[in-house]
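Breakdown of the fold
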Amino acid sequence: MNSAPLVREGAFYVFPPFVDAVAYSLFSKLFLKLLMRPCNCFLIGFAIGAFGLGNPVHLVGADWPMYRKDAARSGYTAERLADSLKPQWSFQLTHAPLPAWPRSKRMTFDRAPQPIVAEGNVFFGNSVDGKIHALDAVTGEPKWTFVTRAPVRFAPAYSEGRLFVASDDSYLYCLRASNGELLWKKRGGPGDQLILGNGRMVSRWPARGGVVIHDGVVYFAAGIWPTDGVSLYALEPATGKTLWLNDTAGSIYLGQPHGGAFANSGVAAQGYLAATDKQIFMATGRGVPAAFDRSNGEFQYLHLQANTKLGGAALTLSRHVFVNNGAVFDQATGAGRGKLGIGPVVATPDGLVGSFSDKFVSLKWKNENQKPEKGFILRVRGLTEEFAVKQSGGIEAIVAGDKVAIGYTNRVALNRRSNGTQLWEADVSGVVYGLAAADERLFVSTDKGVVYCFGGESKSMQRRVEARPSERVESQPQISIVAEEIIRHSGIEEGYALDFGCGDGTLALELARRTKLFIYGIDLDSENVLKARQR
């Protein structure tokens, strides 16, 4: 059994004093409802909150400051990698990620901790304990962590010494990147209610529109159920001041992907946002993306009914089009412009690179006013196939200078960009969903909760680092007896537990060690919350 109070062998979280009356009432009603009827949930303890300290810092050389490098989600950097890489270090989270939609092939945004790189550090979120981790990019050593109140399913975004983090608790957190100090936070939804969702305690309006930064403005979205309300924000990064807000796009009368039906049901934020000078694009989960005017947030389009069999959370912008789960659409209108193969796509300055089901493809933008070529599988105006190489399709791909890094199941590889020839590969544990390249290093993350670093420097031994609680707490005999009695009398070892007045979390920790319960703790004393979180 793990001593860390997290999932698989039990999970433990802590709520601080800022839990409001509505949330408290919701927990109380849930607690009573579960006790009044047979169920597989036993409420014992819960915990959430966030603290930190810090100093300002400056941008370093070749960073990878947000998911897939930039606001276009291109996956491209001019940063070069060596032809052959060596393992530098690996970091193992205490528990593998728990994705919101584990059975969906269209929504894989939280299958692995997605790394970004800035200021010589690697940053990523955790969908199990709601933390943001900061590691030294050279050694993999932990620098700091910051705790939110719910799962963190998206990569943070970095700009000018600040780190922006979206959480399922509905908040966007602005942290000082050097030490995790909380600078400000912004709630995305209209209230602070918490409910059970995707197997976790989350906000009624989780922040599932992954943060994007463009031209000095921060954008994020909250709300996944249109009828409950969906909000898209443009914020001033230094203060969190709202520049504009669209909170009406969730209730637009438009065509639905169900037999020609129309309803007042609009956008739902599920995936990373992307941005150009003129537009914001919102991934809507299994559907095709929606578009908004970047200057004022005005809704532009969402063509669900015309694309009933298309869509997904993957989104990459290139020139006048965007690529969404293998399909190509016009940015200005949302009209379909053709299809690629299914697989990861990288937008380079002069074209696209794709790792599809059975081949590696390089495409160039040439004569974008030409008519589509007959018989050409893409049929996308202006795209010309430079070459295609027979090759197994990847799960994720990025371009770093003259190399293409491709992630597969249990391995990662480097191909030469000019001809697709494989130069190098290495074994990893799990399916590769996350890739980043910075400072001549390749960072790889998998669905096993492992983050790897590969570089050109030879190491006598790969450094292995594990996530760990701040304290290793020995069992207390009396509390252990109480925990055993609770388990024996309830007969429940899986489900949810709620602990009002959890103190320093000792009882919840003992229950977590013995069960597979998600244990949430509430305490009005912030010192107790801090102690519980450090366990």
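First, a word on what this report is: a plain description of the structure on this page. (Residues numbered from 1 in each chain as written. Predicted model: local features only at pLDDT ≥ 70, side-chain atom pairs only at ≥ 80, totals over all residues. Heavy atoms only, no water.)

1. A short note on the overall build of the protein
- Broken down by element type, the protein carries 4 helices and 40 strands.
- Here the protein, with 535 residues, has 59% of them falling under the buried criterion.
- Restricting to contacts in the protein with at least 6 residues of sequence separation, those with at least 24 account for 59%.
- Here the protein displays about 21400 Å² of accessible surface, and carbon together with sulfur accounts for 50% of that area. (Helix = DSSP H or I, 4+ residues; strand = E, 2+ residues; numbered from the N terminus. Buried < 20%, exposed > 50% of the residue type's maximum accessible area, 1.4 Å probe, protein only. Contact = heavy atoms within 4.5 Å. Areas by Shrake-Rupley, 256 points an atom, 1.4 Å probe, with all protein chains shown as cover.)

2. With respect to the pattern of salt bridges
- One pass over the structure, following the stated rule, counts 23 salt bridges.
- Residue Arg 162 is joined to Glu 160 by a salt bridge in which the shortest nitrogen-to-oxygen separation is 4.0 Å.
- Two residues, Arg 417 and Asp 350, come together in a salt bridge whose shortest N-O distance is 3.2 Å. With a gap of 67 residues between them, Arg 417 in the loop between strand S34 (409-416) and strand S35 (422-438) and Asp 350 in the loop between strand S28 (345-348) and strand S29 (351-355) connect regions that are remote in the sequence.
- Overlapping salt bridges bring together Arg 80, Asp 83, Asp 402 and Lys 403 as one network. (Salt bridge = Lys/Arg side-chain N within 4 Å of Asp/Glu carboxyl O.)

3. Regarding unusual backbone geometry
- At Ser 170, a position not held by glycine, the phi torsion is positive, near 90°.
- With respect to the helices and strands, Ser 170 occurs in the loop between strand S9 (162-166) and strand S10 (171-176).
- Positive phi is not limited to glycine here, since Asp 215 has a value of about 55°.
- In this structure, Asp 215 sits in the loop between strand S14 (209-214) and strand S15 (217-222).
- Its relative accessible area of 63% is what places Asp 215 among the exposed residues.

4. Some points on the sheet that holds strand S25 (residues 321-324)
- Across the sheet, which stays open at both edges, the 4 strands sit in the order S24-S25-S26-S27 with antiparallel pairing between neighbours. Of all strands in the sheet, those bounded by a partner on one side alone are strand S24 (316-318) and strand S27 (336-339). When the angles between neighbouring strand axes are averaged without regard to direction, this sheet yields 25°.
- As paired strands, S25 and strand S26 (residues 327-330) are joined by 4 bridges and run antiparallel to one another. Looking at S26, one finds that Val 321 is bridged to Asp 330. (Pairing = 2+ DSSP bridges. Axes fitted to C-alpha atoms, helices over the stretch in contact; angles between N-to-C directions.)

5. A look at the sheet that holds strand S30 (residues 359-365)
- Strand order across the open sheet formed by 4 strands is S28-S29-S30-S31, with antiparallel pairing between neighbours. In this open sheet, the two edge strands, each paired with only one partner strand, are S28 and strand S31 (383-390). For this sheet, the mean inter-axis angle between neighbouring strands, taken without regard to orientation, is 15°.
- Strand direction decides the pairing type here: S29 and S30, joined by 5 bridges, are antiparallel. For Leu 352, the partnering residue across the bridge sits in S30 and is Leu 363.

6. Some words on the packing of helix H2 (residues 477-490) against helix H3 (residues 506-514)
- Look at H2 against H3: their axes get within 9 Å of each other, and the N-to-C directions meet at 55°. When the axes of H2 and H3 are compared, the pair comes out oblique. Crossing handedness for the pair H2 and H3: right-handed. On the side of H2, the interface is formed by Ile 479, Ser 480, Val 482, Ala 483, Glu 484, Ile 486 and Ile 487, while H3 contributes Thr 506, Leu 507, Glu 510, Leu 511 and Arg 514.
- Grouping the constituent residues of the contact of H2 with H3 by class yields 7 nonpolar, 2 polar and 3 charged. (Parallel < 35°, antiparallel > 145°, perpendicular 65-115°, else oblique. Left-handed = near helix turned anticlockwise from the far one by under 90°. Nonpolar A, V, L, I, M, F, W, Y, C, P; charged D, E, K, R; others polar.)

7. So, helix H4 (residues 526-533)
- Among all positions of H4, only Asn 528, Val 529, Ala 532 and Arg 533 are buried. Along H4, the residues classed as buried sweep out an arc of 130° about the axis, all on the same side.
- The backbone nitrogen of Glu 527 has a side-chain oxygen 2.8 Å away, supplied by the residue at the start of H4, namely Asp 525. (Arc of directions from axis to C-beta. Polar contact = N/O pair within 3.5 Å; in protein donor to acceptor, adjacent residues only side chain to side chain.)

8. Brief notes about the environment of Glu 385
- Tracing the sequence through the fold places Glu 385 in strand S31.
- The class for Glu 385 is partly exposed, based on a relative accessible area of 34%.
- Sequence separation between Glu 385 and Gly 351 is 34 residues, and the spatial gap between their C-alpha atoms is 9.4 Å.

9. What about the side chain of Gln 331?
- Relative to the assigned elements, Gln 331 resides in the loop between S26 and S27.
- A relative accessible area of 7% means that Gln 331 is categorised as buried.
- A polar contact of 3.1 Å, which involves the side chain of Gln 331, links it to the backbone oxygen of Arg 319.
- Engagement of the side chain of Gln 331 in a polar contact is seen with the backbone oxygen of Val 321, the distance being 2.7 Å.
- If near-sequence neighbours (up to four positions away) are discounted, Gln 331 is found in contact with Thr 276, Gln 279, Phe 281, Tyr 301, Leu 317, Ser 318, Arg 319, His 320, Val 321 and Phe 322.

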